[in-house]
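Okay, here's what each chain looks like letter by letter:
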Amino acid sequence: MALETEAVLDRRALKRRAGLWRAVAILAFLLAAGAIAHMLEIGTSTPRHVARVSIDGFISDDRRQQQLLKRIAENDQVRALLLSINSTGGSTTGGEALFESIRAVAEKKPVVAQFGTVAASAAYIAGLAADHIVARGNTITGSVGVIFQWPEVSGLLDKLGVKVNEVKSGNLKAVPSLFQPEDAEGRKVTEEFVNESQRWFVALVRDRRKVDTAAIPGLEQGRIYSGREALQHNLIDSIGGEAEALRWLEAEHKIPASTRVMDWRPRSSTTLLGALAQAFAGLAGGAGGEVLSTFSEASGLAQRVMLDGLLSVWQPYEK
């Protein structure tokens, strides 16, 4: 009986050691793969190419994306930048930061943007940074405008018998507030704030596209256009897809249309954590990895929900 017990304990110890070495091997592989990827990224063995950067989803003031564009600008193996844009927009600050990062690339190499299904608001700001814009005939384009929204729950709090007390340094501090009904002075200040940002956006269109924005029907009121309409108003340069964008690079910058196009993506600070979560899932039957994955997705959603500030985003809705 004692021998059987010892044999069971030995097998368990052996299994634990095997699991530990497996985890060490996975970690070593990830570190080696990361080193190789870094070598390729900085251009030690990468052929000359056109860098494709996808701009999709919600646009925010993304430091990793800005660092990516800086690396592209400094990489001698990158002959040009192709922006693949498909987004309804995002924060106005995010659009501004993205515009500046793209223009920094354009100072060193040509930049062409290709619009997909939609390129509106902050996404159109990103497109304005390109030297040339190509869009599909039915691409939702434009929505030059700024919006600032906030909920107001004071009526609900009254029904629940909840009172929010506050002491403010001035009557315009924390205005607008979701806990207080809107007042004329607070709304006036908020409108001035939004209108000032709108003037910046319109001036950007006027400067980059060389158009009279007041003469384009609905532009300063934030309307959208199809790609064909946008072309008529000089808000884009041509109709087409990626092939047309590459042909422009060939015609204007002598970069053959056959040049390899390579996707560039921001470095992820959670890549190693995610890989370790998968390794942990393999050792723990999957439960641990599912918990970490769910937590990561919930954190991303929470960041979206808690986002505050001016928005340059297009979304159809019924009022």
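Rules and cut-offs
- Residues numbered from 1 in each chain as written.
- Predicted model: local features only at pLDDT ≥ 70, side-chain atom pairs only at ≥ 80, totals over all residues.
- Heavy atoms only, no water.
- Helix = DSSP H or I, 4+ residues; strand = E, 2+ residues; numbered from the N terminus.
- Buried < 20%, exposed > 50% of the residue type's maximum accessible area, 1.4 Å probe, protein only.
- Contact = heavy atoms within 4.5 Å.
- Areas by Shrake-Rupley, 256 points an atom, 1.4 Å probe, with all protein chains shown as cover.
- Salt bridge = Lys/Arg side-chain N within 4 Å of Asp/Glu carboxyl O.
- Expected span 1.5 Å × (residues − 1).
- Phe/Tyr/Trp six-rings, centres within 6.5 Å; stacked < 30°, edge-to-face > 60°.
- Axes fitted to C-alpha atoms, helices over the stretch in contact; angles between N-to-C directions.
- Parallel < 35°, antiparallel > 145°, perpendicular 65-115°, else oblique.
- Nonpolar A, V, L, I, M, F, W, Y, C, P; charged D, E, K, R; others polar.
- Pairing = 2+ DSSP bridges.
- Right-handed = clockwise from strand over helix to strand, strands pointing away.
- Polar contact = N/O pair within 3.5 Å; in protein donor to acceptor, adjacent residues only side chain to side chain.

Peer 1: Is there a simple way to think about the overall build of the protein chain in this case?
Peer 2: When helices and strands are tallied, the protein chain shows 10 helices and 9 strands. Across the 319 residues in the protein chain, those meeting the buried criterion constitute 36%. Taking the contacts inside the protein chain whose residues are at least 6 apart along the sequence as the reference set, 76% of them involve residues at least 24 apart. Entry remark: accessible area of the protein chain is about 19200 Å², with carbon and sulfur atoms responsible for 56%.

Peer 1: Any chance you could explain the pattern of salt bridges here in plain terms?
Peer 2: A full pass over the atoms with the stated rule returns 11 salt bridges. For Arg-52, the salt bridge goes to Asp-263, with nearest N and O atoms at 2.8 Å. Note that Arg-52 is positioned in strand β1 (residues 49-59) and Asp-263 in strand β8 (residues 261-263), a separation of 211 residues in sequence. The buried category is assigned to Arg-52, whose relative accessible area is 17%. Glu-191 is the partner of Arg-187 in a salt bridge, and the nearest nitrogen-oxygen pair spans 3.1 Å. You can see Arg-187 and its partner Glu-191 sitting in helix α6 (residues 184-209), 4 residues apart, about one turn around the helix. The partly exposed category is assigned to Arg-187, whose relative accessible area is 39%. Several salt bridges converge on common partners, so that one network encompasses Arg-52, Glu-242 and Asp-263.

Peer 1: Teacher, can you tell me more about unusual backbone geometry here?
Peer 2: Apart from glycine, the bulk of residues carry a negative phi angle, and the bulk of peptide bonds sit in the trans form. A positive phi angle, close to 55 degrees, is found at Ser-121, a residue other than glycine. Along the polypeptide, Ser-121 turns up in the loop between β3 (111-120) and α4 (122-128). Located in the positive-phi region is Lys-210, a residue other than glycine, with phi close to 55 degrees. Within the secondary structure, Lys-210 is located in the loop between α6 and β6 (224-225).

Peer 1: What's the story with helix α3 (residues 92-106) in this structure? I'm lost.
Peer 2: Since the α-helix turns once every 3.6 residues, residues separated by three or four places project in the same direction. Here α3 contains 15 residues, and its C-alpha end-to-end distance of 21 Å stays within 8% of the 21 Å for a straight helix at 1.5 Å per residue. Of all the positions in α3, only Thr-92, Gly-94, Gly-95, Ala-97, Leu-98, Phe-99, Ser-101, Ile-102, Val-105 and Ala-106 are classed as buried.

Peer 1: Could you clarify how one ought to interpret the packing of aromatic side chains in this entry?
Peer 2: To describe a pair of aromatic rings, you give the distance between the ring centres and the angle between the ring planes. The final tally for this structure, using the stated rule, is 3 aromatic pairs. When the ring of Phe-115 is compared with that of Tyr-124, the centres are 6.3 Å apart and the planes differ by 65 degrees; the resulting orientation is edge-to-face. With respect to burial, Phe-115 and Tyr-124 carry one shared label: buried. Plain terms: the ring middles of Phe-148 and Phe-193 are 6.3 Å apart, the flat faces sit at 90 degrees to each other, and that makes the pair edge-to-face. Note that Phe-148 is positioned in the loop between β5 (140-142) and α5 (154-160) and Phe-193 in helix α6, a separation of 45 residues in sequence. For Phe-193, a relative accessible area of 44% gives the class partly exposed.

Peer 1: Looking at this structure, how should I read the packing of helix α2 (residues 63-74) against α3?
Peer 2: Between two packed helices, what matters for the description is the angle formed by their axes and the separation of those axes. Where α2 contacts α3, the two axes come as close as 8 Å, and the packing angle between them is 10 degrees. With respect to their mutual orientation, α2 and α3 come out roughly parallel. Residues Gln-65, Gln-66, Leu-69, Ile-72 and Ala-73 of α2 touch α3, and the partners they reach there are Ala-97, Leu-98, Ser-101, Ile-102, Ala-104 and Val-105. For the contact of α2 with α3, the residue count by class is 8 nonpolar, 3 polar and no charged.

Peer 1: What is the right way to look at the pairing of strand β4 (residues 132-135) in this model?
Peer 2: Residues in a regular strand project their side chains so that they alternate between the two faces of the sheet. Neither face of β4 is open: one carries His-132 and Val-134, the other Ile-133 and Ala-135, and all of them are buried. Of the pairings in the sheet, the one linking β3 to β4 comprises 4 bridges and is parallel in character. Residue pairing for β4: Phe-115 is matched across the bridge by Ala-135. Taking the sense of rotation as the criterion, the β-α-β connection linking β3, α4 and β4 turns out right-handed. When β4 meets strand β7 (residues 238-239), the two strands line up parallel, connected through 2 bridges.

Peer 1: Hey, could you run me through α2 in this one?
Peer 2: End to end, α2 covers 17 Å across 12 residues, agreeing with the expected 16 Å (1.5 Å per residue, within 8%). Between the side-chain oxygen of the N-cap and the backbone nitrogen of Arg-64 there are 3.0 Å, and the N-cap of α2 in question is Asp-62.

Peer 1: I'm lost on the side chain of Ser-226 in this one. Help?
Peer 2: In this structure, Ser-226 sits in the loop between β6 and α7 (227-232). Assessed through its relative accessible area of 19%, Ser-226 is described here as buried.

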